[in-house]
Amino acid sequence: MSALIIFGLLLALMLTGMPISISLGLTVLTFLFTMTTVPIESVALKLFTGIEKFEIMAIPFFILAGNFLTHGGVARRMINFATSMVGHWHGGLGLAGVMACALFAAVSGSSPATVVAIGSILLPAMVKAGFPKRFGAGVITTSGALGILIPPSIVMVMYSVATNTSVGALFMAGVVPGLMLAGFLGFTTWYRARKFGYPRQAKASWPERFKAFRESMWGLFLIIVVMGGIYTGIFTPTEAAAMSAVYAFIVAVFVYKDMPLAGVRKVLLDSANMSAMLLYIITNAVLFSFIMTNENIPQQLADWLLAQGLGPIAFLLAVNVLLLVAGNVMEPSSIVLIMAPILFPVAAKLGIHPVHFGILITVNMEVGMCHPPVGLNMYVASGITKMGITELTVAVWPWLLTMLAFLGLVTYVPTLSLWFPRMLGMLQ
């Protein structure tokens, strides 16, 4: 009964058009004051202890690093490098877009940042080269979603906060699925370009490729700084985030000199603005999780599902459907922070590995970012391409189907997620 009241309240507030963070907070406070005897002091205490986790500090740092890289010319150099490598294949610029998105994802941690950074440079170039606008929009909107699967990933940090799973293990678990999805999206791009006879670039010589690599090297080196530091245990994922922010600042301002010192203030303000928004959602989601646990709802749900005889295969299918539906009305941060604490105990009872479950949720979030009505990548791409959401929906469907097929693969082949962190000795 408590669960029905809580979710009924949340749904009613969301239907009024209220932001998800405020809906969560109001739901919790209304329920606490009218239905429970929980002292208000414990609510205030939970607000602070809930976001007192070291991992949460990684979020503002990754956002800051992503913003420095977006404005600091790193994306343009990564595109040049990717184009020199694969531009001569069918749909060369589209393939370069997928490759550049994968590279940029490995330094930014954010999907919208990847779409903005790569899309704003590559899409005009693709149209100029003779590609249909829809093709370019489809490639960038979906490839930009790699930003939350290829580590570092803000969504993975949020899952870690919600379920107390190791951030480092999650980051490593995202490497193989991230590269595989990039390959899948690249194949779809190549196949459609070949089928419709889209233009190819002239093949770059090895000196040209080396020159492009040398120019993009400072940006690419950040991948080694972040990932290598976490692999070798030199620093934690949170410390890696702080390192990447400082490194990105130095590269953008002093190495590439694409950003004047005067522009740093705007980047800091934009990053603070986005960080504050995410931290506000996290705070309210922590409260929501507290009330759910207080009412014993996750455990009751777990017992009920197990009583229905739901095995791991049926449960994972149900989770995918639930998360894909949730992706229609909420953005990833909110879904992870609300759903993970509820579904996680059931997954644990069914023997599903926490890291595999985290990757499955992350891939679901990727799909949700690429379809209406609230797909964040769609709105970012719409702003860049000046295309309507309906037209963009038609543009992304071939790549969206590819992502759904990949979701099925990740769901039922846990080795894809667990092999790499196990090889590194991060998991048993």
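In this text, all values refer to a predicted model and were calculated from it rather than measured experimentally.

### Considerations on the overall build of the protein chain
Then step 1. Looking only at helices and strands, the protein chain has 21 helices and zero strands in total.
Then step 2. Here the C-alpha radius of gyration of the protein chain, 22 Å, is about what a compact globule of 428 residues would show, namely 22 Å.
Then step 3. Taken along its principal axes, the extent of the C-alpha atoms in the protein chain is 70 × 45 × 45 Å.
Then step 4. The buried share of the protein chain, taken over its 428 residues, is 56%.
Then step 5. For the protein chain, the accessible area works out to roughly 17700 Å², and carbon and sulfur atoms hold 70% of it.

### A short note on the environment of Phe420
Then step 1. Summarising the element assignment, Phe420 is placed in helix α21 (residues 415-423).
Then step 2. Contact partners of Phe420, with chain neighbours within four places excluded, come to Met172, Val175, Val176 and Tyr231.

### Quick look at the nonpolar core
Then step 1. The biggest cluster of nonpolar side chains holds 153 residues, and the ones touching the most others in it are Ile118, Phe315 and Phe357.
Then step 2. The residues touching Phe357, leaving out its near neighbours within four places in the chain, are Tyr159, Phe315, Leu316, Val319, Leu343, Phe344, Ala347 and Ile352.

### A few points about the pattern of salt bridges
Then step 1. This structure, assessed with the given rule, holds five salt bridges.
Then step 2. Between Glu215 and Lys211 there is a salt bridge, with its nearest N and O atoms 3.1 Å apart. Residue Glu215 and its partner Lys211 are both found in helix α12 (residues 206-232); the two are separated by four residues, about one turn of the helix.
Then step 3. Residue classification places Glu215 among the partly exposed positions, given a relative accessible area of 34%.

### Things to note about a nonpolar patch on the surface
Then step 1. A cluster of nonpolar side chains, contributed by Phe184, Ile313, Leu317, Val321, Val325, Leu409, Tyr412 and Val413, occupies part of the molecular surface with about 680 Å² of accessible area.
Then step 2. Looking at the nonpolar patch, the elements with two or more residues in it are α16 (312-326) and α20 (389-412).
Then step 3. Within the secondary structure, Leu317 sits in helix α16.

### With respect to helix α4 (residues 58-71)
Turn by turn, an α-helix covers 3.6 residues, leaving residues three or four places apart pointing in a common direction.
Then step 1. Under the 1.5 Å per step criterion, the end-to-end length of α4 is 20 Å for 14 residues, consistent within 8% with the ideal 20 Å.
Then step 2. Of all 14 residues that make up α4, 11 are buried, and the element is covered over most of its length.
Then step 3. All of the buried residues in α4 are Ala58, Ile59, Phe62, Ile63, Leu64, Ala65, Gly66, Asn67, Phe68, Leu69 and Thr70.
Then step 4. The positive-phi residue at the C-terminal boundary of α4 is Gly73, with phi of around 80 degrees.

### Things to note about the packing of helix α15 (residues 297-307) against helix α17 (residues 332-349)
Then step 1. Packing of α15 against α17 leaves a shortest axis separation of 8 Å and a crossing angle of 45 degrees. It follows that α15 is oblique to α17 by the angle criterion. Along this stretch, α15 crosses α17, giving a crossing that reads as right-handed. Judged by residue contacts, Pro298, Leu301, Ala302, Asp303, Leu305 and Leu306 of α15 engage Pro341, Ile342, Pro345, Val346 and Lys349 from α17.
Then step 2. Per-class residue counts for the contact of α15 with α17 are nine nonpolar, no polar and two charged.

### With respect to the packing of aromatic side chains
Then step 1. Counted according to the given criterion, the structure contains 17 aromatic pairs.
Then step 2. Ring centres of Phe7 and Phe288 lie 5.9 Å apart, and the angle between their planes is 75 degrees; on these two criteria the pair is classed as edge-to-face. You can see Phe7 sitting in helix α1 (residues 2-15) and its partner Phe288 sitting in helix α14 (residues 261-294), a full 281 residues away along the chain.
Then step 3. Note on Phe7: relative accessible area 31%, which makes it partly exposed.
Then step 4. What makes Phe288 buried here is its relative accessible area of 1%.
Then step 5. Each residue in the set Phe131, Phe135, Phe196, Tyr198 and Trp399 is aromatic and connected to the rest through ring pairs, giving one cluster.
Then step 6. Over the ring of Tyr256 we find Arg77; its NZ or CZ atom is 3.8 Å from the centre of that ring.
Then step 7. Sitting over the ring of Trp206, Arg209 keeps its end group 4.5 Å from the ring centre.

Rules behind the numbers
Residues numbered from 1 in each chain as written. Predicted model: local features only at pLDDT ≥ 70, side-chain atom pairs only at ≥ 80, totals over all residues. Heavy atoms only, no water. Helix = DSSP H or I, 4+ residues; strand = E, 2+ residues; numbered from the N terminus. Rg over C-alpha atoms; globule rule 2.2 N^0.38 Å. Buried < 20%, exposed > 50% of the residue type's maximum accessible area, 1.4 Å probe, protein only. Areas by Shrake-Rupley, 256 points an atom, 1.4 Å probe, with all protein chains shown as cover. Contact = heavy atoms within 4.5 Å. Core = buried A, V, L, I, M, F, W, Y, C linked by side-chain atoms within 4.5 Å. Salt bridge = Lys/Arg side-chain N within 4 Å of Asp/Glu carboxyl O. Patch = residues over 30% accessible without salt bridge, like charges linked within 9 Å, V, L, I, M, F, W, Y side chains within 5 Å. Expected span 1.5 Å × (residues − 1). Axes fitted to C-alpha atoms, helices over the stretch in contact; angles between N-to-C directions. Parallel < 35°, antiparallel > 145°, perpendicular 65-115°, else oblique. Left-handed = near helix turned anticlockwise from the far one by under 90°. Nonpolar A, V, L, I, M, F, W, Y, C, P; charged D, E, K, R; others polar. Phe/Tyr/Trp six-rings, centres within 6.5 Å; stacked < 30°, edge-to-face > 60°. Lys NZ or Arg CZ within 6 Å of the ring centre and 35° of its normal.

In short, shape yes, function no, at least from these values alone.
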